[in-house]
Amino acid sequence: MTSTKADWRENSACGSSDADDLFADSPRQKQAKAVCARCPVRTECLAEALDERIEFGVWGGMTERERRALLRRKPNVTSWLSVLEAAQSSMVSRAS
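Keep in mind that this is a model prediction, so the values were computed, not measured.

*Asks:* It is not clear to me how the packing of helix α4 (residues 42–51) against helix α6 (residues 80–95) should be interpreted in this structure. Could you clarify?
*Replies:* In a pair of packed helices, the angle between the axes and the distance between the axes together describe the arrangement. Taken N-terminus to C-terminus, the directions of α4 and α6 make an angle of 140°; their axes are 8 Å apart at the nearest point. Overall, the two elements α4 and α6 adopt an arrangement that is oblique. Remark: the crossing between α4 and α6 carries right-handed chirality. In contact with Thr 43, Glu 44, Leu 46, Ala 47, Leu 50 and Asp 51 of α4, α6 contributes Trp 80, Leu 81, Leu 84, Glu 85 and Gln 88. Residues of the contact of α4 with α6, tallied by class, amount to 6 nonpolar, 2 polar and 3 charged.

Below, the structure is given as structure tokens:
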């Protein structure tokens, strides 16, 4: 996985998208989330949005409402990247 912010942004599926598509109203958020579903750096993107408390837009496949709910459930997380990567590893292990 990439470690720097600049690196993951260069590999994002939304890099060539219109920003309005990612900061969409509720009916169009499904389309934005579909872009995230095929993104190779989805985890890094979501981690940055959570760590930086980004309030608007779809990041890493989650809307602002979904991110707020997650932050309320886990208020003491200091590094979301490590949490998300651990969860991903756990899911891969269970699937094997």
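*Asks:* Looking at this model, I keep getting lost on the packing of α4 against helix α5 (residues 64–73). Mind explaining?
*Replies:* For the pair α4 and α5, interaxial distance at closest approach is 10 Å and the crossing angle is 65°. With respect to each other, α4 and α5 are oriented roughly perpendicular. Crossing angle aside, the handedness with which α4 passes α5 is right-handed. Across the interface between the two elements, Leu 46, Ala 49 and Leu 50 of α4 pack against Arg 67, Leu 70 and Leu 71 of α5.

Conventions used here
- Each chain carries its own residue numbering, running from 1 in the written order of its sequence.
- Selection of residues for local features in this predicted model requires a pLDDT of at least 70, selection of side-chain atom pairs for listing and counting requires 80 or more, and totals for whole chains, interfaces and linings are taken over all residues.
- Heavy atoms throughout the structure, all of them, feed into the side-chain values; hydrogens and water do not.
- Working convention: axes come from line fits to C-alpha atoms, limited for helices to the stretch in contact. Angles between N-to-C directions cover 0 to 180 degrees.
- Secondary structure counts use DSSP, requiring at least four H or I residues in a row for a helix and at least two E residues in a row for a strand, with both numbered from the N terminus.
- The cut-offs work like this: below 35 degrees is roughly parallel, past 145 is roughly antiparallel, 65 to 115 is roughly perpendicular, and the gaps in between are oblique.
- By definition, any crossing whose near helix is turned counterclockwise from its far helix by less than a right angle is left-handed, and any crossing with a clockwise turn is right-handed.
- It only takes one pair of heavy atoms within 4.5 Å for two residues to be counted as in contact.
- Under the convention adopted here, Pro, Cys and the residues Ala, Val, Leu, Ile, Met, Phe, Trp and Tyr are nonpolar, Asp, Glu, Lys and Arg are charged, and Gly plus all remaining residues are polar.

Note that all results are geometric; they support no functional claim without further evidence.
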